[in-house]
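# An overview of the molecular structure
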Amino acid sequence: MSSLKLWLNSESPESRAQARAAAIYHGWLEFKTNRLALLGLLILVLLVLIAIFAPWLSPHDPFEQSLGNRLLPLGTEGHVLGTDSLGRDILSRLIYGSRITLYIVGLVALIAPILGLFIGTVAGYIGGWTDTVLMRFTDIFLAFPRLVLALAFVAALGAGIENAVLAIALTAWPPYARIARAETLSIRRSDYISAVKLQGAGALRIITRHIWPLCIASLVVRITLDMAGIILAAAGLGFLGLGARPPSPEWGAMIAEGRRFILDYWWVATIPGIAIFIVSLAFNLLGDGLRDLLDPKSGGAS
Amino acid sequence: MNLLEVENLKVSFPTRSGVFDAVRGVSFSLGQERLGIVGESGSGKSLTGRAILRLIRPPGRVSADRMALGDEDLLAMSDKQMRAVRGQKISMVMQDPKFSLNPVMTVGEQIMEAYAQSRRGNRRERRQKTLEMLEAVAIRDPERVFKAYPHELSGGMGQRIMIAMMLIPNPGILIADEPTSALDVTVQMQVLNIMDKLVSERGMGLIFISHDLNLVSSFCDRVLIMYAGRVVESCRADELYQAKHPYTQGLLNSMPRLDVPSERLSVLERDPAWRTAELDDAS
Amino acid sequence: MTQGIVIEGLNVWFGEHADRVQAVRDVSLQVAAGTSVGLVGESGSGKSTILRALTGLVSSWSGHMEVDGETLGKRRSLAFYNKVQMVFQDPYASLHPRHSVDQVLSETLALHKLRDVDRRIVSLLDDVGLGRQFRFRYPHQLSGGQRQRVAIARALAAEPSILLLDEPTSALDVSVQAEILNLLSDLREQRQLTYLMVSHNLAVVAHLCESIAVMQNGQLVETLSVADLRAMKANEPYTQQLLKSSMGYVRSDEVADG
């Protein structure tokens, strides 16, 4: 065993950093045993790399039109995945589109769960009137169909990728608030919360330092499982012409464009569809793996 | 003839750092008696009980040289045959009745179902049997309890109902895994009293798994003391306090006693040799 | 001014109106400074609830409670928590699953605005017999007894004079129980602590305490000295019944009904 491994497996760590590193290392060992989750992670890492190195990877400019090369089939010399109705290279558009997908996913993953976590834990911990008001507010948001609410937001704020993200985030938080509240209710009566109360800790400290770390696990799992839905919602908005604007290579918008020729030139709509499918699947696989790893109810990291 | 014979029973679980041997060669036989198995948490006492009923789930592995119920070989049985053994010939009462009773079925229905699995008979007959059984576990108002749901009952009553349910198919052997440790002392005595009576009236064999030496020595006929997956000592229950093995003595001395005050409790020093030493049989 | 704990006419209830459950009824109890009193009773007798009312974890109570001459209101000050600390029953539930020993102790010290965190953590761990190699471990890397030692270290961090013990050993094996009980009596001697200990085990209480209060159905049945308890000189039938059952199983034909 190498000295690093020895250091990580030490039964009595000597510093905070070592203890934390060991915890992460053991989590990784656990995660590694789930092949499918590993595959999901691999796909997503690949996606991130593709997004970062898009200018070097894409064979053509994604916006360059060439009407002479319209709707070329798969496997054409120079256009492996063919071209769309304006003669733009589909592969290059796909590669640049990954940036938009990641942008949407990242932004929604940042806004919705944090909003939900905050509202849910505060409602659950404080209880009483605060709980009633916050949860009824959440119920109102939950009662709207997500896409319809997002449509309303986009209609009010104007079409565009930022507004689409905002609309999706604002419709995605209620389930997170519900989960966080349910977790908080089961945590807040536990002895370790009582114990820290007896040290004179206030509500803010208990919520942020003691309840959040326990809620985050189940939220992360839920987010990764929801990511597929978020990508699809963004694609849906793009498809309806309410998300990304036309020249932008957003995957949903690409499908919308290809729809017109779907019978004669099926690949124009299908290729971005497959990309959405693969990324959604990767998120789902990763989410399943993380659930096994993080969910305290299913055994956990011991 | 012995009701149950176990020879060299082993239970192991694979872990990241190798195979963990939880039970390492336990042998004993059970007649029409109350056999106590005591040990601390992790001694393998509960796993021994579960292994007899083949309730260890994979990746856990069970092996034994011999595990016989009368003249039937428990190890050679198919899963289907094993299901017929569980509940019909060997029953098990667990620690907490809250987790063993179905919360959405009335108590009466649950006991009747247990009865129906062993015997045919119409509903009236089953109901009659169930009420009799409830009476046998000292429930004063069987008609009311028959219609009650588990959450409407106290812990002591829940445990008595578990015992009623386990005993109604008239099994030859009852395995009780810490049946009273979730109960208050006074209720505990009632439940033990009932178990004692039923077991001796029906000529059953009882395996009583517990961490409470005091209780086992006063309740059982014979005691096995387990440590680290092995039986380190076996003796008559009423002679437990004269036990020879240093582990048993250490356990006894580490208990505070009402009748003998002591300034400091002696702390058990664990000797690695106990893990491998051969059984010292005094019974 | 009386040192220690004084409780007079304490009532504690849960729920409101139709759901109201009276957990403690008109209990009066005194624990003089430096003494050790045990509260004994079965589950639901209200013994733990008294500790929770005293520490402010339960706020629905009426009556009079004072600690070191200071009358307690609905809220507890930091100074109160400096004086009174509690050890919980289940060491598997009383430590945050994702906080290391170091995090638990340093947060406690920070909350009490104590300096010199590093030195204090090491000496606290030494005091409870854990040693510094346990400092950066997480709860799942500790045994039940080790966890309870951490919980005791946390309770001692603020250097309180009164320790409330809620069944501190009932979730532990007997050999570990002996270690924890020895630790508690050592600590009491070293730090001149006052103990109020809740337990259902008469032998455990008798070992650690000088006098014992017996509770049943939220009421105080009787108070007696440990000497009387050991001599089986209880006045109330309920106490006698408890004493009898704790001596082990007695074979008999009488079966109590339910």
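Anyway, here's the lowdown on the structure attached to this text. (Residues numbered from 1 in each chain as written. Chains lettered and ligands numbered in written order. Predicted model: local features only at pLDDT ≥ 70, side-chain atom pairs only at ≥ 80, totals over all residues. Heavy atoms only, no water.)

This part is about the interface of chain C and chain A. Contact residues are listed per partner, giving 30 residues for chain C and 28 residues for chain A. Summing the contributions of chain C and of chain A, the shared interface buries around 2,600 Å²; its carbon and sulfur component is 56%. Viewed at the interface, chain A and chain C are joined by 2 salt bridges. With its nearest N and O atoms 3.3 Å apart, the salt bridge here joins Asp191 of chain A to Arg52 of chain C. (Contact = heavy atoms within 4.5 Å. Buried area = accessible area lost by both parts, 1.4 Å probe. Salt bridge = Lys/Arg side-chain N within 4 Å of Asp/Glu carboxyl O.)

We now examine the interface of chain B and chain C. Between chain B and chain C, the contact holds 41 residues from the first and 34 residues from the second. With both chains or domains summed, chain B and chain C bury close to 3,300 Å², and 53% of this area falls on carbon and sulfur atoms. Across the contact surface, chain B and chain C share 1 salt bridge. Among the ionic pairs, Asp186 of chain C bridges to Arg264 of chain B, the shortest N-O distance being 2.7 Å. Taken together, the residues that form the side of chain B that touches chain C break down as 19 nonpolar, 9 polar and 13 charged. (Nonpolar A, V, L, I, M, F, W, Y, C, P; charged D, E, K, R; others polar.)

It is worth spelling out the pairing of strand 3 (residues 34-38) of chain B at this point. All names here are of chain B. The buried fraction of strand 3 amounts to 5 of the 5 residues, a majority that puts the element mostly inside the structure. Bridge count between strand 3 and strand 9 (residues 205-210): 5 bridges; the pairing is parallel. Bridged to Arg34 within strand 9 is Leu206. As paired elements, strand 3 and strand 10 (residues 222-227) share 4 bridges and run parallel to each other. The partner of Leu35 across the bridge, within strand 10, is Arg222. (Buried < 20%, exposed > 50% of the residue type's maximum accessible area, 1.4 Å probe, protein only. Helix = DSSP H or I, 4+ residues; strand = E, 2+ residues; numbered from the N terminus. Pairing = 2+ DSSP bridges.)

Each α-helix winds once per 3.6 residues, and so residues spaced three or four apart point in a common direction. All names here are of chain B. If you check which residues of helix 1 (residues 45-52) are buried, you get Lys45, Thr48, Gly49, Ala51 and Ile52. Around the axis of helix 1, the buried residues are gathered within 165 degrees of arc, so they sit on the same side. Note on helix 1: the residue one or two positions beyond its end, Arg54, has a positive phi of about 55 degrees. (Arc of directions from axis to C-beta.)

Looking at the element boundaries, Ser100 of chain C is found in the loop between strand 6 (84-87) and helix 3 (101-111). Residues within four places of Ser100 of chain C in sequence aside, it is in contact with Phe136, Arg137 and Tyr138 of chain C.

Counting 68 residues, the largest nonpolar core has Ile104 and Trp251 of chain A as the members making the most contacts within it. Those elements that provide at least two residues to this core are helix 3 (35-52), helix 5 (90-126), helix 7 (146-157), helix 8 (161-188), helix 9 (191-197), helix 10 (203-239), helix 11 (251-258) and helix 12 (267-294) of chain A. In terms of residue count, helix 10 of chain A provides more of this core than any other element does, 15 residues in total. Non-local contacts of Ile104 of chain A, meaning those with residues more than four positions away in its chain, are made with Ile161, Val165, Ile230, Ala234 and Glu250 of chain A. Core analysis: the next-biggest nonpolar cluster, separate from the first, contains 61 residues, Leu167, Met195 and Val223 of chain B together with Val174 of chain C among them. (Core = buried A, V, L, I, M, F, W, Y, C linked by side-chain atoms within 4.5 Å.)

Structurally, a disulfide amounts to a covalent bond that connects the sulfur atoms of two cysteines. Under the defined criterion, the tally for this structure stands at 0 disulfides over all chains. Left unpaired, Cys220 of chain B is separated from the closest cysteine sulfur, that of Cys235 of chain B, by 11 Å. (Disulfide = S-S within 2.5 Å.)

What follows covers the environment of Ser200 of chain B. All names here are of chain B. Summarising the element assignment, Ser200 is placed in helix 8 (residues 185-202). Classification of Ser200 by relative accessible area gives exposed; the value is 53%. Spatially, the C-alpha atoms of Ser200 and Arg34 are 8.9 Å apart, while their sequence positions differ by 166 residues. Reaching out from Ser200, the side chain makes a polar contact with the backbone oxygen of Asp196 at a distance of 2.9 Å. (Polar contact = N/O pair within 3.5 Å; in protein donor to acceptor, adjacent residues only side chain to side chain.)

To continue, consider the sheet that holds strand 7 (residues 162-166) of chain C. Residues and elements named next belong to chain C. Pairing in this open sheet of 6 strands is mixed, and the strands run 6-7-8-3-9-10 from one edge to the other. Two strands in the sheet have a free side with no partner beyond their single neighbour: strand 6 and strand 10 (219-225). The sheet shows a mean angle of 20 degrees between the axes of neighbouring strands, direction not considered. Across the sheet, helix 1 (residues 47-54) touches strand 3 (36-40), strand 6, strand 7, strand 8 (194-199) and strand 9 (211-216), and the angle it forms with strand 8 is around 140 degrees. Packing of helix 9 (residues 237-246) onto the sheet brings it into contact with strand 3, strand 9 and strand 10, and relative to strand 9 it is tilted by some 105 degrees. (Axes fitted to C-alpha atoms, helices over the stretch in contact; angles between N-to-C directions.)

A full pass over the atoms with the stated rule returns 31 salt bridges over all chains. The salt bridge involving Asp139 of chain A is made with Arg178 of chain A; its shortest N-O contact spans 2.6 Å. Taken as a pair, Asp139 of chain A in helix 6 (residues 128-143) and Arg178 of chain A in helix 8 lie far apart in primary sequence, 39 residues in all. Residue Asp139 of chain A is classed as partly exposed on the basis of its relative accessible area of 25%. Salt-bridge contacts for Glu132 of chain B lead to Lys129 of chain B; the nearest nitrogen and oxygen are separated by 3.9 Å. One end of the pair, Glu132 of chain B, and the other, Lys129 of chain B, are both in helix 5 (residues 123-136), 3 residues apart, so they sit about a helical turn from each other. Among the residues examined, Glu132 of chain B registers a relative accessible area of 41% and is labelled partly exposed. Lys129 of chain B sits in the partly exposed class, given a relative accessible area of 35%. Each of the salt bridges in this network shares a partner with another, and the network as a whole consists of Arg136, Asp139 and Arg178 of chain A.

For the rest of this paragraph, the subject is a nonpolar patch on the surface. All names here are of chain A. Together, Val45, Leu46, Val48, Leu49, Ile52, Phe53, Trp56 and Leu57 give the surface a local cluster of nonpolar side chains, amounting to about 790 Å² of exposed area. The element contributing the most residues to the nonpolar patch is helix 3, with 5 residues. Tracing the backbone through its elements, the reader meets Trp56 in helix 4 (residues 54-57). Overall, Trp56 belongs to the exposed group, its relative accessible area being 69%. (Patch = residues over 30% accessible without salt bridge, like charges linked within 9 Å, V, L, I, M, F, W, Y side chains within 5 Å. Areas by Shrake-Rupley, 256 points an atom, 1.4 Å probe, with all protein chains shown as cover.)

Our focus in this paragraph is the packing of aromatic side chains. Tallied over the entire structure, the rule returns 11 aromatic pairs over all chains. With centroids separated by 5.9 Å and ring planes inclined at 85 degrees, the aromatic side chains of Tyr265 of chain A and Trp267 of chain A adopt a geometry described as edge-to-face. Look at Tyr265 of chain A and you get partly exposed, because its relative accessible area is 31%. Looking at Trp267 of chain A, the relative accessible area reads 8%, which means it is buried. Between Tyr227 of chain B and Tyr247 of chain B the ring centres are 4.5 Å apart and the planes differ by 50 degrees, which places this aromatic pair in the tilted class. (Phe/Tyr/Trp six-rings, centres within 6.5 Å; stacked < 30°, edge-to-face > 60°.)

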